[in-house]
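Architecture and fold: a report
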Amino acid sequence: MTSEAARKILAIYRPTIDGGDPQFADALAQAERDPELARWLQEQGAIYEALRGKLKEAPVPEDLLEKTLRYRPSVVWWKHTWLQLAACLLVLATLAFYWLGRGPGAATFENYRRTMAGVVSKYRMSLETDDPDRVRTFLANNQAPADYVLPASITRQRLLGCATLSWDGNPVSLLCFRHQSGSDLWLFVTHRNELKGGPRSSDPSFGEANAVNTAAWVQNGNVYLLATRGDPKLLRETFQ
Amino acid sequence: MPSPPDFENLVRRYYRDLYYFAFSLAGNEAEASDLVQETFYIWASKGDQLREFTRAKSWLFTTLHREFLQAQRRRGRIQEHDLDEVERELPRVSPESINRIDAATALSFLARIDERYRAPLALYYLEDCSYLEISAMLDVPLGTVQSRIARGKAQMLEMLTSGSAETSCRGGASS
């Protein structure tokens, strides 16, 4: 092997990592025979280590660790056998409860609205980002509704992130926005459009539950529920 | 049977490495942070079959890279090229000139490398992976990985040369 050929092979050689890699053996042997090549190799190794050390000193966002730990999804409990059994029993008990003593309107829109109004004070964001594409993909990957259409006035607000929920066995997507007024806006989307007493058209109906103001409408099989703790006028203005 | 890696331990152990990798791909802090969070989220949702830290690590890097590529495809930013550049000599850089550059600048140089070379080059500099491991993580043939690293390294050293030259010029002007 010529020194020129060895130099090409050794251009990516890392002294601390590639020492045992046989593809470099001949080229390293050539470096032992050629002092100039050996000097070059030593210099390249020093450059590699200096650059590697420098890159590993780069700053990392201070809150990244805390955010990553905070938005951990719930434990994948259904993969544990004993929990599967417990879950089956719970499902059977729940079915029996509903079958035998189902109260009027358990799956009503009013029930859904009240539950979602309660969610806004205790949900955890699954993904924090202002990238709408990333939110949509995340929701789709997690089997939550991702075929939503946002009113233009909502798309102009600052997206904060999203979460996935479940209500009455149906997945619900939650998108979080910060309105330009400073109030938070929460948009719940579910595919279920058979809710008793729910909205019937794309014209929003306004209401209030648990001190949370809401607007609800349906579009293409999705039920949309927009909620805020801010001024109710804010919701009405959204649809003007 | 060993228990799967604990989520918190895994995050604490690898979030920095993953962030550097994500930043070198995305080139900005916000997207890099999103990629890291999303990768750990996917792990917590799906990765519980992994029993060892070592396998979890390569899974995390592979997943982050895949997530990045998917996001690029959605935005129509993915570029597929043939490698048709000629082999070049490595530019001359001294370790001292690297020490004059701050770490954030060095990382930003990595993020400005040609898109094809960025991921293998980041793993080359930041991780203790063999070329075979890099090839498996990125799902790219071994020979291609090595030539991309060689070309990316040449670009990186060129940037460092011009970057350190700028630093020297600024230093000279102010003194």
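Below, the structure is looked at part by part.

We now examine the packing of aromatic side chains. Inspection of every chain in the model, using the stated rule, returns 15 aromatic pairs over all chains. A network of ring pairs unites the aromatic residues Y13(A), F24(A), Y48(A), Y124(B), Y125(B) and Y131(B) as a single cluster. Above the ring of Y148(A), the side-chain terminus of R136(A) is found at 4.1 Å from the ring centroid. If you follow R236(A) out to its NZ or CZ, it ends over the ring of F206(A), 4.2 Å from the centre.

Here the focus is the interface of chain B and chain A. Between chain B and chain A, the residue contacts involve 57 residues of the former and 48 residues of the latter. Summed over both sides, the interface between chain B and chain A buries roughly 5,000 Å², with carbon and sulfur atoms accounting for 60% of that surface. Three residues, Q37(B), Y41(B) and Y125(B), lead the burial of chain B against chain A; their summed loss comes to 15% of the area buried on that side. Joining chain B to chain A, the criterion identifies 4 salt bridges. Between chain B and chain A we count 18 residue pairs in polar contact (both at pLDDT 80 or more) in total. For the side of chain B that touches chain A, the secondary structure elements donating two or more residues are α1 (7–26), α2 (29–46), α3 (53–74), α4 (95–99), α5 (103–111), α6 (115–126) and α8 (142–174) of chain B. When its residues are assigned to classes, the side of chain B that touches chain A shows 32 nonpolar, 8 polar and 17 charged.

This part is about the pairing of strand β5 (residues 205–209) of chain A. Residues and elements named next belong to chain A. One ladder, built from 5 bridges, connects β5 with strand β6 (residues 212–219); its direction is antiparallel. Bridge pairing in β6 links S205 to A216. What sits between β5 and β6 in their antiparallel hairpin is a turn of 2 residues, with N210 showing a positive phi close to 50°.

Attention now goes to the sheet that holds strand β4 (residues 184–190) of chain A. Residue and element names in this part refer to chain A. Taken in spatial order, the 7 strands make up an open sheet running β1-β2-β3-β4-β7-β6-β5, and their pairing is antiparallel. Unpaired on one side and paired on the other, β1 (127–128) and β5 mark the two borders of the sheet. Sheet topology places strand β2 (residues 158–167) next to strand β3 (residues 170–178); 9 bridges connect them, and they run antiparallel. Paired with T164 across the bridge in β3 is S173. Running over the sheet, helix α7 (residues 132–141) touches β1, β2 and β3 and is turned about 10° from β2.

Residues and elements named next belong to chain A. Most of β4 is tucked away: 6 of the 7 residues are buried. For β3 and β4, the ladder comprises 7 bridges, and the chain directions are antiparallel. The partner of L174 across the bridge, within β4, is F188. Summarising the sheet, β4 and strand β7 (residues 222–228) pair through 6 bridges and their orientation is antiparallel. In the strand pairing of β7, V189 is matched with Y224.

What counts, and where the lines are drawn
- What you see as residue numbers is a count from 1 along each chain, following the sequence as written.
- Chain A is the first chain written and ligand 1 is the first ligand written, with later ones labelled in order.
- Whole-chain, interface and lining totals are the exception, using all residues; otherwise, since this is a predicted model, local features are given only for residues with pLDDT of at least 70 and side-chain atom pairs are given and counted only at 80 or more.
- The basis for every side-chain value is the complete set of heavy atoms in the structure, and neither hydrogens nor water enter the calculation.
- Each aromatic pair joins two rings of Phe, Tyr and Trp (for Trp, the six-membered one) with centres within 6.5 Å, and gets the label stacked for planes under 30 degrees apart, edge-to-face for over 60, and tilted for any other angle.
- We call a charge positioned above a ring when the Lys NZ or Arg CZ atom is no farther than 6 Å from the ring centre and deviates by at most 35 degrees from the ring normal.
- Only heavy atoms matter for contacts: two residues are in contact if any of them lie within 4.5 Å across the pair.
- Note on terms: buried area is the combined drop in 1.4 Å-probe accessible area of two parts once they are placed together, counting the loss on both.
- The salt bridge criterion pairs a side-chain nitrogen of Lys or Arg with a carboxyl oxygen of Asp or Glu, the two atoms within 4 Å.
- Polar contact is the term for a pair of N or O atoms within 3.5 Å; when the atoms are in protein, one must be able to donate a hydrogen and the other to accept it, and sequence-neighboring residues count only if both atoms are side-chain atoms.
- Runs of H or I in DSSP of at least four residues are treated as helices and runs of E of at least two as strands, each being numbered from the N terminus.
- In this count, Pro and Cys sit with the nonpolar residues alongside Ala, Val, Leu, Ile, Met, Phe, Trp and Tyr, while Asp, Glu, Lys and Arg are called charged and the others, Gly among them, polar.
- The rule for pairing is simple: two strands pair if DSSP sees at least two bridges between them.
- Every axis corresponds to a line fitted to the C-alpha atoms, with the helix fit spanning only the stretch in contact, and the corresponding angles, defined between N-to-C directions, vary from 0 to 180 degrees.
- Exposure categories follow from relative accessible area, calculated using a 1.4 Å probe and restricted to protein chains: below 20% of the type maximum is buried, above 50% is exposed, and the middle band is partly exposed.

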